[in-house]
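Overview (structure and organization)
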Amino acid sequence: MLWDALLLQMGYNATLVAIGATLLGISSGITGTFLFLRKRALVSDAISHATLPGVGLAFLVMVALGGDGRNLAGLLAGSALSAMAGLWCLNWLTRRTRLAEDAAIGAVLSVFFGFGIVILTVIQTLGVGRQAGLEGFLLGSTAGMLWNDALVIAGGGAATLLLIMLLRRPMTLVAFDPEYAAARGISVSRIDMMMMGLVMAVTVVGLKIVGLILIVALLIIPAVTARFWTERSDLVVLLAGVAGGLSAYLGAAVSASAPNLPTGPIIVLMSFGLFALSLLLAPNRGVLAAVLRHLRFQRRVHLRQGLLALAQDQVIYEPLTLRLLRRRGLLRADGVATEEGRARAAKALRDEHRWALVRSDQTHEAAAALYDGLREIETVLTEDQISEIDRRIGGPREVPA
Amino acid sequence: MSGAEFVPLSLTPLLIGIFAAVACALPGNFLLLRRQALIGDAISHVVLPGIVVAFLLTGVIAAGPMMLGAAGAAIAAVVLIELIRRLGRIEPGAAMGVVFTTMFAGGVLLLEQTDTSTVHLDVEHALYGNLESLIWLDATGWGSLLDPAALRYLPAELPRMALTLIGVTLFIALFWRSLKISTFDEGFARTLGIRTNLLGLGLVITAAIAAVAAFDAVGSIIVIAMFICPPAAARMMSNRLEGQLGWSVAFAVVSAILGYVLAGYGPLWLGATDAVSAAGMIATVSGLLLAIAARFGPCRHRAGAPAGI
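Residues numbered from 1 in each chain as written. Chains lettered and ligands numbered in written order. Predicted model: local features only at pLDDT ≥ 70, side-chain atom pairs only at ≥ 80, totals over all residues. Heavy atoms only, no water.

Let's talk about the overall build of chain B
The condition is simple: Under the scheme used here, helices are H or I runs from DSSP no shorter than 4 residues and strands are E runs no shorter than 2 residues, and both carry numbers assigned from the N terminus. We compute the radius of gyration over the C-alpha atoms and compare it with the globule rule, which gives 2.2 Å times the number of residues raised to the power 0.38. Remark: exposure states derive from per-residue accessible area (1.4 Å probe, protein chains only) relative to the maximum for the residue type, with buried under 20%, exposed over 50%, and partly exposed in between. By definition in these notes, contact holds between two residues if any of their heavy atoms fall within 4.5 Å.
Secondary structure summary: chain B contains 13 helices and 0 strands in total. For chain B, the N- to C-terminal ordering of α and β elements is α-α-α-α-α-α-α-α-α-α-α-α-α. Rg of the C-alpha trace for chain B: 20 Å, near the compact-globule value of 19 Å for 309 residues, within the 12% margin. Across its three principal axes, chain B shows a C-alpha extent of roughly 60 × 50 × 35 Å. Taking all 309 residues of chain B together, 55% fall into the buried category. Intrachain contacts of chain B at a sequence separation of at least 6 include 71% that bridge at least 24 residues.

Points about the nonpolar core
Here is the rule: To form a nonpolar core, buried Ala, Val, Leu, Ile, Met, Phe, Trp, Tyr and Cys residues must be joined to one another through side-chain atoms within 4.5 Å.
Judged by nonpolar contacts, the single largest core of 194 residues is most densely connected at Val224 and Phe275 of chain A together with Leu131 and Leu290 of chain B. Counting residues per element, this core draws most heavily on helix H9 (residues 188-227) of chain A, which supplies 25 residues. When sequence neighbours within four positions are dropped, the list of residues in contact with Leu290 of chain B reads Leu93, Leu99 and Ala107 of chain A together with Cys229, Ala232, Ala233 and Met236 of chain B. Residues Leu308, Ile316, Ala337 and Ala345 of chain A belong to the second largest nonpolar core, which totals 16 residues.

Side note on unusual backbone geometry
It is generally the case that most residues other than glycine have a negative phi and that most peptide bonds are trans. With a phi angle near 60°, Lys39 of chain A is a residue other than glycine that sits in the positive phi range. Its place among the elements puts Lys39 of chain A in the loop between helix H2 (12-37) and helix H3 (43-64). When its relative accessible area of 58% is taken as the criterion, Lys39 of chain A is described as exposed. Located in the positive-phi region is Arg35 of chain B, a residue other than glycine, with phi close to 60°.

Observations regarding the confidence of the model for chain A
As a reminder of what qualifies: How sure the predictor is of each residue is captured by pLDDT, a score from 0 to 100.
Overall, the prediction assigns chain A a mean pLDDT of 85, with 92% of residues at 70 or greater. Mean pLDDT across the secondary structure elements of chain A bottoms out at helix H1 (residues 2-6) of chain A, with 67, and peaks at helix H11 (residues 263-281) of chain A, with 93.

Topic: the packing of H3 of chain A against helix H4 (residues 72-96) of chain A
Residues and elements named next belong to chain A. To keep things clear, this is the line we draw: Note on geometry: axes are C-alpha line fits, over the in-contact stretch for helices, and angles between N-to-C directions span 0 to 180 degrees. Geometric relationships in this document are graded by angle, where less than 35 degrees denotes roughly parallel, more than 145 denotes roughly antiparallel, 65 to 115 denotes roughly perpendicular, and other angles denote oblique. With the far helix as reference, a near helix turned anticlockwise by less than a right angle produces a left-handed crossing, and one turned clockwise produces a right-handed crossing. Following the grouping adopted for this structure description, the nonpolar residues are Ala, Val, Leu, Ile, Met, Phe, Trp, Tyr, Cys and Pro, the charged ones are Asp, Glu, Lys and Arg, and the polar ones are all others, Gly among them.
Two numbers describe how H3 lies on H4: the axes approach to 6 Å, and their chain directions differ by 135°. Accordingly, the angle class assigned to the pair H3 and H4 is oblique. For the crossing formed where H3 meets H4, the hand is right-handed. Between H3, through Val43, Ile47, Ala50, Thr51, Leu52, Pro53, Gly54, Val55, Ala58, Phe59 and Met62, and H4, the contact on the second element is made entirely by Gly74, Leu75, Gly78, Ser79, Ser82, Ala83, Gly86, Leu87 and Leu90. Taken together, the residues that form the contact of H3 with H4 break down as 13 nonpolar, 7 polar and no charged.

Quick look at the interface of chain B and chain A
As a reminder, the rule being used: A quick way to say it: buried area is the sum, across both parts, of accessible area lost when two parts are put together, with a 1.4 Å probe. Definition used for salt bridges: Asp or Glu carboxyl oxygen within 4 Å of a side-chain nitrogen of Lys or Arg. Any pair of nitrogen or oxygen atoms within 3.5 Å is treated as a polar contact; in protein, a donor-acceptor pairing is required on top of that, and neighbouring residues in sequence qualify only through side-chain atoms on both sides.
On the side of chain A, 59 residues touch chain B, which itself brings 59 residues to the contact. Summed over both sides, the interface between chain B and chain A buries roughly 4,900 Å², with carbon and sulfur atoms accounting for 72% of that surface. On inspection of chain B and its partner chain A, the count reaches 0 salt bridges. Joining chain B to chain A, the criterion identifies 10 residue pairs in polar contact (both at pLDDT 80 or more). Examining the composition of the side of chain B that touches chain A, we find that 15 residues originate from one element, helix H4 (residues 92-114) of chain B, more than from any other.

Focus: the pattern of salt bridges
All names here are of chain A. Under the criterion given, the structure shown has 20 salt bridges over all chains. For Glu352, the salt bridge identified is with Arg304, shortest N-O distance 2.9 Å. Linking Glu352 in helix H14 (residues 339-360) with Arg304 in helix H12 (residues 287-311), this pair joins segments that are 48 residues apart in sequence. The buried category is assigned to Arg304, whose relative accessible area is 9%. For the salt bridge of Arg342 with Glu339, the shortest nitrogen-to-oxygen distance reads 3.1 Å. Here Arg342 and its partner Glu339 are both found in helix H14, 3 residues apart, which amounts to about one turn of the helix.

Comments concerning the side chain of Thr196 of chain B
All names here are of chain B. Looking at where Thr196 falls in the secondary structure, it is placed in helix H10 (residues 196-218). A polar atom in the side chain of Thr196 sits 3.3 Å from the side chain of Arg190. Filtering out sequence-adjacent residues up to four positions away, Thr196 remains in contact with Ser182, Glu186, Ala189 and Arg190.

A short note on the environment of Thr225 of chain A
All names here are of chain A. For Thr225, the position within the fold is in helix H9. Classification of Thr225 by relative accessible area gives buried; the value is 4%. Measuring from C-alpha to C-alpha, the distance between Thr225 and Leu279 comes to 7.5 Å, with 54 residues separating the pair along the chain. Ignoring any residue separated from it by four or fewer positions in sequence, one finds Thr225 in contact with Ser271, Leu274, Phe275 and Ser278.

Re the side chain of Ser238 of chain B
Along the chain, Ser238 of chain B turns up in the loop between helix H11 (220-235) and helix H12 (241-269). Polar side-chain contacts of Ser238 of chain B include one of 2.9 Å to the backbone nitrogen of Arg240 of chain B. Contact partners of Ser238 of chain B, with chain neighbours within four places excluded, come to Arg98 of chain A together with Gly243, Gln244, Trp247 and Cys299 of chain B.

Quick look at the packing of aromatic side chains
Note the cut-off: The rule is short: rings of Phe, Tyr and Trp, with Trp giving its six-membered ring, pair when the centres are within 6.5 Å, and they are stacked under 30 degrees, edge-to-face over 60, tilted in between. Put simply, a charge is over a ring when the Lys NZ or the Arg CZ is close to the ring centre, within 6 Å, and near the line of the ring normal, within 35 degrees.
Across all of its chains, the model carries 6 aromatic pairs over all chains by this definition. A ring pair is formed by Phe228 of chain A and Phe275 of chain A, whose centres lie 5.9 Å apart and whose planes are at 55°; its orientation type is tilted. Within this pair, whereas Phe228 of chain A is found in the loop between H9 and helix H10 (233-257), its partner Phe275 of chain A is found in helix H11, the two being separated by 47 residues in sequence. An aromatic cluster is defined as three or more aromatic residues linked by ring pairs; in this entry it consists of Phe228, Phe272 and Phe275 of chain A. Note that Arg295 of chain B overlies the ring of Phe296 of chain B, its terminal NZ or CZ placed 5.5 Å from the centroid.

So, the environment of Ile220 of chain A
Note that Ile220 of chain A resides in helix H9. Considered as a pair, Ile220 of chain A and Gly32 of chain A are 188 residues apart in the sequence and their alpha carbons are 5.7 Å apart. Every residue in contact with Ile220 of chain A, bar those within four places of it in the chain, is listed here: Ala41, Leu42 and Ser44 of chain A together with Ala94, Gly97 and Val98 of chain B.

Thoughts on H4 of chain B
Convention followed: Expected helix span is computed as 1.5 Å times (number of residues minus one).
The end-to-end C-alpha distance of H4 of chain B is 33 Å, a good match for the 33 Å that 23 residues give at a rise of 1.5 Å each. Of all 23 residues that make up H4 of chain B, 18 are buried, and the element is covered over most of its length.

Quick look at a positive patch on the surface
Test applied: Surface patches are drawn from residues lacking salt bridges whose relative accessible area is over 30%; two like charges belong together within 9 Å, two nonpolar side chains (Val, Leu, Ile, Met, Phe, Trp, Tyr) within 5 Å. Note on areas: Shrake-Rupley with a 1.4 Å probe; residue coverage comes only from the protein chains shown. When charges are counted, Lys and Arg contribute as positive and Asp and Glu as negative, whereas His and the chain ends are disregarded. To locate a charge, take NZ of a lysine, CZ of an arginine, CG of an aspartate or CD of a glutamate.
A surface patch of like charges, here positive, comprises Arg293, Arg296, Arg299, Arg323, Arg327 and Arg328 of chain A together with Arg89 of chain B. Broken down by element, the positive patch gets its largest block of residues, 3 residues, from H12 of chain A. The exposure class assigned to Arg323 of chain A is partly exposed, which follows from its relative accessible area of 44%.

Here's the deal with the confidence of the model for chain B
All names here are of chain B. On average, residues of chain B carry a pLDDT of 84, and 91% of them reach 70 or more. When the elements of chain B are averaged for pLDDT, helix H5 (residues 123-128) gives the smallest value, 60, and helix H13 (residues 278-296) the largest, 93. Model confidence for the complex is summarised by a pTM of 0.84, with the ipTM given as 0.90.

Rendered as structure tokens:
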């Protein structure tokens, strides 16, 4: 069943849903990245909640004009208008008042959502038939996706992708360094506005698939996931698109494979799965990599301290240090240093003296800044500099009688 | 309107609405000043899986297990957000977004999987609340307030919400000085020996308890709106924390009363027959109050910023 779904063998409707969801996943992942890099991830929360009154009002207007209240294009236009109004309120509150952006986000999302609920209850009590499906905007209802809906989604997704391709450079610049971007003559507020417009477009298009609450997840999670894997902004954008598309595709396939598996939540859980994997396994920024790095560092410290202790004839009690020294053949089982161990210990102690001299000497200031108790002195100074230092320390001498 | 009509039908929902609004607005003031305003939003989304899990475990719709489940989910979410923020070195907003959307998705999935739609537990109820249904049918008039037989059938949400409000007020009153100092100058608070981390956690837990209690009674919209809108509007009215708290309570009470009345009687005045969602209307009114305060409030600009920019 699942395999069939993954290979798009589940029939026309399931295939349509899978392709539509994948397109949405890609464009939301890519759009969300810029939002994330600009540190405004939660703005998407406000935008998505602000679409609700628009959906309800559009329904009422369409019914009042004698049309079918569920016309998707009409509902999407309504949601876009009210999202724009929400965005304008958000901007006004952050710029013209003392409210911080997070408070403005919360205010906009709760008030617009509350007003949307009021409209929805009005629609319910009006008793105009066929309002069913409107509630689907809250939680998404992909199962009933039609060819027309899929076309709207594909068209919207393609348009957002094209716009992002065009705006990629200025948006990246604004995300990382708004002041520099402004100095280059880029209008930061205009770019921000376009970015919000893109987020709005993705939100409006995504309403039908995952619903207005879970679209936030598709805008945030893939971007955060991608950020784990690379430090390069264009790669983050690309990977976020891949993560978003993959989780949407897998989610749509899984939800088609069994009844009672709503598409939106499954897609979100899939993208969280990718996020969790990245959090654990990513190189450099991942938890596993950090643990390994810590263990490696711990071993280096213990080895170094062990060698210094050997050189100064101090007794070593630390079990980890003993184990590390023995495993490298520097220490015999009875706790006596081997030939190589003594040589390495003497070298470590001499390096310590060399470092002490380097750190007390003004001329080596740059090199001294690199001292961390572990770094080999050869990696910092040239051979000539080291022999100069050795000359000042002096060669091996006999113990005075 | 006579007491015979008002007391059974409107008194209890109105009181519950007021208590819920004030209980959320009070901690909301501190969350707002600490740039944690969206904690209320996150909490109200994550309680859904908590409630569903509590229902699955106990099999009954009872307030006790539901509130425990919701509180557990709220605490789990706070811990998870902190964990992801530290382990992944992600900015707090994004970490919060990851956690609350995922937990909400998990809650919706569980809900659909277990087919709880037959019992009175569905997403819409959780979102909108059902303030209108918390009526006190045994009351016959103002006299019922002194009648023990009628008082026994008072909706359980009323005393629970009142208790929550008392608890929240006590927390803020007890830790007033420490809360105030650590909100405005955390470093200074730490030099005074105030355990700011613990205090911050206590504040979030207090907020979570208020949110869960209110969520159970009135739905999540009021919770999110009351955490943010009255304190935000109050922020435009005063530069002093005491003043801000007072204003926020006033705004919360006005939103609850006006919203409830508009939802119940507004449509009737306009010629319609049915009421609209009280929770949604309360949120809408609080937003209008915020808009008025943001436009005309005496302290609406950032300190030091030139006016009119």
